[in-house]
Structures are given as structure tokens and as C-alpha cells.
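Tertiary structure, described
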Amino acid sequence: MSGGGMDRDGRGHRDGVARVTIAIATYDQAHFLADALRSAMAQDRPADEIIVVDDGSHDDPASVVRDFPGVVLIRQENQGLAAARNTALAAAAGDAILFLDADDLLLPAALSTALACRARHPGAALVYGGHRRVDAAGGVLDAAKFTATGADPHADLLRGNAIGMHATVLYNRAMLAAAGGFDPALKKCEDYDVYLRLSRTHAIAHHPDIVADYRIHGTNMSGDSRAMLRWVERVRRRYRPTGADRGRWDTAWREGGRIWRDHYAGEILARSGNGAAIDRGIGIMTATAMAPRTAGRRWRATLRRRIAAALTPEMKHRLKRIAGRPSSPPLGRVRMGDLDRTSPISPDFGFDRGSPVDRHYIEHFLAGARADIRGRVLEIGDAAYSRRFGSGITRQDVLHVDIDAPGATIAGDMSQAGILPRDAFDCMIVTQTLHLIYDMRAALRQMHDALAPGGTLLLTVPGITSIDRGEWGDTWFWSLTRQSVTRLMAEFFDPADVEIAAHGNVYAATCFIQGMALEEVDRAKLEHRDASYPVVVTVRARRARP
């Protein structure tokens, strides 16, 4: 062979790693064989030998093999796939062997990736990777498939064929031969039988790389779901746990029975779904006999989809409304009503109509933090919330930009050092203020330092909001999200001492930015939280004790 085959003395590949055999069994698939051989020859780490076993084909695989110098062809009477693989296993000189079906393909890094995994797991009887499903022309049909096995691979394989495609497997040839190779009595699922047999007594390993293409062409051996299930059950009966193994594997074995029946019932329903009525009926009955619950669930889902497809968007919308389920109106049927305007209902957050919607969240937050509002307390602007929610307050301070404001005890910009006393407050109530300070980090640093050790900051900031049209408009710098607040707080407080929550939903945000008052909205709808529509973000942060 070209590309680094066996040394003349038989010691192996010239790069010093394991000798590898690729074995291809073919039966009446000469029209696919050339593609399989090209994929085997195109490996970035060449195989040391490639063996093709003609299992009594009626076509002419020899004419294909002649175009690939160095490939060994073995002919035998038709004995089945398992026997053909055993013929290759007996003839192979490699330390490792990979079996490729004539209608499938290897990707260029199949061998190098498998050998790297084998080197990491030298005691494994087999290593495997992922695969793709492709059509007869090689077009990719769906997402790549790879399922890792866990700490007990035998249990995982009892639940289902995690390996999925035989060509992704690189075997330790000696271990496979010692285990008896493939069972010729199994016309199907002979590979699954080997996986279970080896995993029961040997380690297996895996890697996530996609290394092979499974070609779907209408004549695959696995196309008959009912027959496949019978062969799966025949194999599974061999590995039903007995004696001491029952405690270890019985649950997995029983789960596997249900999973396999569900799998093939689903295949039957999928294949019969678009057929004639009689075919659909036969498919439903067959699948129901296999897996009653799965068949019933899937049939109900299919029925719902067909009914839904027959309904107009308007009918769907009305039915959902009758059932009390949320529903978006059909295109062109949205009713804007009083919101069909370019100016808000109230330009003043709703103060001119009652209480702004955001006060619902702020006041609920402070009510839940009553126990924190005690000792020496600082509030911004006035002491209204302290009086309403506090208990055991021994000293009340109010920070205001104007020292002559009623109740003000401290005046200035809290982001400036020296405005707030250090280590002073048992509680600070800072509602809807931080967004008015350009240097929020400086303000948070001053707040942290002004808290007494063990003291609590109760902070609220706006999320989705209009901007004040009055005195605060020129200093309305920020709107915040839960994520941005979390990052900010982590710079000054131990995250273990911080509780952050976002409040609001699209209904609350719409009402708030329109300036509707709390007294005229459905308060029950305000309680639902949707992280995509934060109206208010609340923070309870405790300063660590030394």
C-alpha cells in the first residue's frame, strides 16, 4: 500500500504506533464500494492494511478493488455480515481494527482521532466517536450524533446503543478475537451484541469527534423497524442480568426495553405518517402494540398538529382565549386601543394619575426587608420609606442635594468622598437614585464604606423606563439590568452577601412607560417575572463583618 504500510519485518507502522486494519464487508454493494475505499485511503494517518471481504456478492466487487492497489480482497460464499467480519478479523495483521460497511464513509481523521483516544485509554477494548447521517449522494441530512457513555458503559449500552454507528469504532483486535468476534447467528444487531459483550468485562472509551458518515439510501439493513426490534430483543435477552449482576444492571436493562420499544415505535409512526390511510392505520396499530404509551402520545401530538393546520389564525387565537391561554393575535388583528398614540398616557410616570407602577415593586421589596431597617438609617431625599417600613430606628439621616430641604441631615453628591461618614449606618435605603449619578462605581464605593460592618444596603434601580422630563432629565444617565447590577455589586460586596432580583414583564413595562397608575392596572399581572422586561432591579447587600 501507499502511505506507510507494514514494515517488511512486520513490526508495524513506520511512525511506531499501533498497526491498524480497515476491514470492509460487501454484499451486492459494489456501486458504493469505491466511495468507501476512497475514504479509507484518504486517512490523514494511513491504515496499515485494508481488507475487503466479498460475502458472495452477485455484482463484481473485484473490479472495484482492482483500482485500489494494495487492498486485499477475500472471497467467500454468502454467510452474512457477522461471518464476513470474522473472516476479516482472522486475516487482519493489525493491533487495532475498524469495520467499515461498503455503503458508508470514513472522514479523513477517523483513524488518527481514534488512535489518539486509544493511546489515552490503552486498556480499552474499543474506542468510538460520533457520526453523521448522509444521503446516497453524501449530502448531510441532520446534526451530527454522538452520545458519551458514563462511569458504567455497560449500563448505558443496556439502555440503548450509545455508539450508534459501527464505523466509528476502533477495536483492540486481540480482545475482540478473544471474546469470540461477531456471532454469525445474528443476522442483525451483531455489532450491538459485541458492544454489550465487551463492555461487560472490559473498559471502553470515547471521543466526541465526528469520524464517519452513515449513508441512508433506502436499502439499509436497519430500515425494517419491526425486524430490528426483534433482533434487538434477541440480543438483549442474552444480557439480562442474573445473580449478583441484577443489583448492578437490572434497572438499566429494564429501562432499555422501554427505550428500544419507544424508539422503533417512533420510527414506524414517522414512516407511516405521510402514507396512505391504510398504511397509517397499520403503522399506528403496530407502534401501539410495541409501545402503547409512546404511540398514543405521538398520535395525539400528530392529531393536534393536523387540527391546528386546518384552523385559521383567527380561529386558533379565539380558541386559546376561550381556554384562558396566552395567544398573540393574528397578523393585522392587533388592537391598539388607547395605546394607539405617539405620546404617553401620562408624561410624569403616572404621578398625575396615582402611584407609578414601579412603586409596586419598590414597596414590596422594602416591605420584605423590614427587619433590616433599624438602628441608624440613611434614606435619600426624605425619610418616607424609613417611617413606613422601619422599626427600631435609633437615628434617622436624610441625604439631599440641598441642606435646606425638609428633614435633610447630610447634603451633597454621594459619589464624592467625605460626604458620607464611614462605618456609620446600619441600613441605607437608596431607591431610584443610582442612575442619576454618572460615576456609579464611586457612589457604590462610598455607600459600602458608609455602612457599618454587618449593615445592609437596600438599593433599587430602574430597568425599562421613560426618562424624566423635569428636574432629573439632565442627570438621567443609566438604565440597568440584573446582569449589569450583579457585575457592579461584585466590585464592592462579597457575592455571597448580595441578593439581586429583576421585577417586571411586558405588561408591567408597557403600563409603566405609558404612565398608567398602579390603581388602574391588574396587579396580579405585575407579579409574573420575565427577565427580558425588567422594570425595577432590587438589591439587598450586606457589608461583611471584619
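These numbers come from a predicted model, not from an experiment.

The rules behind the values
- Residues numbered from 1 in each chain as written.
- Predicted model: local features only at pLDDT ≥ 70, side-chain atom pairs only at ≥ 80, totals over all residues.
- Heavy atoms only, no water.
- Helix = DSSP H or I, 4+ residues; strand = E, 2+ residues; numbered from the N terminus.
- Buried < 20%, exposed > 50% of the residue type's maximum accessible area, 1.4 Å probe, protein only.
- Contact = heavy atoms within 4.5 Å.
- Areas by Shrake-Rupley, 256 points an atom, 1.4 Å probe, with all protein chains shown as cover.
- Salt bridge = Lys/Arg side-chain N within 4 Å of Asp/Glu carboxyl O.
- Core = buried A, V, L, I, M, F, W, Y, C linked by side-chain atoms within 4.5 Å.
- 1 Å grid on protein atoms, 1.4 Å probe; cavity = no way out; pocket = protein on both sides within 12 Å on 5 of 7 lines; lining within 4 Å.
- Points joined across faces, edges and corners; volume = space filled by probe spheres on them.
- Nonpolar A, V, L, I, M, F, W, Y, C, P; charged D, E, K, R; others polar.
- Phe/Tyr/Trp six-rings, centres within 6.5 Å; stacked < 30°, edge-to-face > 60°.
- Lys NZ or Arg CZ within 6 Å of the ring centre and 35° of its normal.
- pLDDT = per-residue confidence, 0-100.

**What about the overall build of the protein chain?**
Summing up its helical and strand segments, the protein chain has 18 helices and 15 strands in all. Split into buried and exposed, the 546 residues of the protein chain put 48% on the buried side. In the protein chain, 71% of the contacts between residues at least 6 apart in sequence involve partners at least 24 apart. For the protein chain, the accessible surface area stands at approximately 27000 Å², while carbon and sulfur atoms represent 52% of it.

**Focus on unusual backbone geometry**
Its identity is not glycine, yet Asp28 carries a phi of approximately 55 degrees, on the positive side. Along the polypeptide, Asp28 turns up in the loop between strand 1 (20-26) and helix 1 (30-41). Residue Asp28 is classed as partly exposed on the basis of its relative accessible area of 26%. Its identity as a non-glycine residue notwithstanding, Phe349 has a phi of 65 degrees, on the positive side. Here Phe349 lies in the loop between helix 12 (313-322) and helix 13 (358-367).

**Remarks on the side chain of Glu233**
Structurally, the position occupied by Glu233 is in helix 8 (residues 225-238). When its relative accessible area of 18% is taken as the criterion, Glu233 is described as buried. When neighbours within four sequence positions are excluded, Glu233 is seen to be in contact with Gly257 and Arg261.

**Some details on the pattern of salt bridges**
One pass over the full model with this rule turns up 28 salt bridges. A salt bridge links Asp183 to Arg238; its shortest N-O distance comes to 2.6 Å. Here Arg238 lies in helix 8 and Asp183 lies in the loop between helix 6 (173-178) and helix 7 (190-201), a separation of 55 residues in the sequence. Looking at Arg238, the relative accessible area reads 34%, which means it is partly exposed. In this structure, Arg236 and Glu233 form a salt bridge, with 3.4 Å as the shortest nitrogen-oxygen distance. Residue Arg236 and its partner Glu233 are both found in helix 8; the two are separated by three residues, about one turn of the helix. Across this residue pair, the class does not change: Arg236 and Glu233 are buried. The network of salt bridges with common partners includes Asp183, Asp193, Arg197 and Arg238.

**Remarks on the nonpolar core**
By size, the foremost hydrophobic cluster in this structure holds 43 residues, and its most contacted members are Ile97, Phe99, Leu126, Tyr171, Leu176, Tyr192 and Tyr195. With residues up to four places along the chain from it excluded, the contact list for Tyr192 reads Leu157, Leu158, Gly160, Asn161, Val232, Val235, Arg236 and Trp260. Among the nonpolar cores identified, the runner-up in size contains 36 residues, and Ile50, Val52, Val71 and Ala102 belong to it.

**Side note on empty space enclosed by the protein**
This model, assessed by the stated rule, comprises one cavity of 30 Å³ or more. The calculated volume of the largest cavity comes to roughly 30 Å³. Surrounding the largest cavity, Leu434, Leu444, Leu459, Val461, Leu480, Val485, Leu488 and Met489 form its lining. Elements with a minimum of two residues in the lining of the largest cavity: strand 13 (451-462) and helix 16 (482-490). Residue classes in the lining of the largest cavity are distributed as eight nonpolar, no polar and no charged.

**Let's talk about the packing of aromatic side chains**
Considering all chains together, one arrives at 10 aromatic pairs under this definition. Between Phe99 and Tyr171, the aromatic rings sit 5.8 Å apart at their centres with planes inclined by 70 degrees, giving edge-to-face as the arrangement. In this pair, Phe99 is assigned in strand 4 (residues 96-101) and Tyr171 in strand 7 (residues 169-172), connecting sequence segments 72 residues apart. In this pair, the class of Phe99 matches that of Tyr171, namely buried. Positioned above the aromatic ring of Trp253 is the side chain of Arg236, whose terminal nitrogen or guanidinium carbon lies 4.3 Å from the ring centre. In this structure, Lys525 is placed above the aromatic ring of Tyr507, and the distance from its NZ or CZ to the ring centre is 5.2 Å.

**Let's talk about the environment of Arg469**
When you line up the elements, Arg469 lands in the loop between strand 13 and helix 16. Remark: the alpha-carbon pair of Arg469 and Asp348, spanning 121 residues in sequence, is separated by 7.5 Å.

**Overview of the layout of surface pockets**
A volume near 1100 Å³ is recorded for the second largest pocket. For the second largest pocket, the lining is made up of 39 residues, of which Thr431, Gln432, Thr433, Leu436 and Trp472 are closest to its centre. A total of four residues in the lining of the second largest pocket trace back to one element, the largest contributor, which is helix 13. Looking at the lining of the second largest pocket residue by residue, the classes come out as 20 nonpolar, 10 polar and nine charged.

**Regarding the confidence of the model for the protein chain**
Scored by pLDDT, the protein chain has a mean of 89; 89% of the residues are at 70 or more. Predicted confidence is poor over residues 1-16, with pLDDT under 50, and the contacts of this stretch with residues over four places away or in other chains come to 33 contacts.

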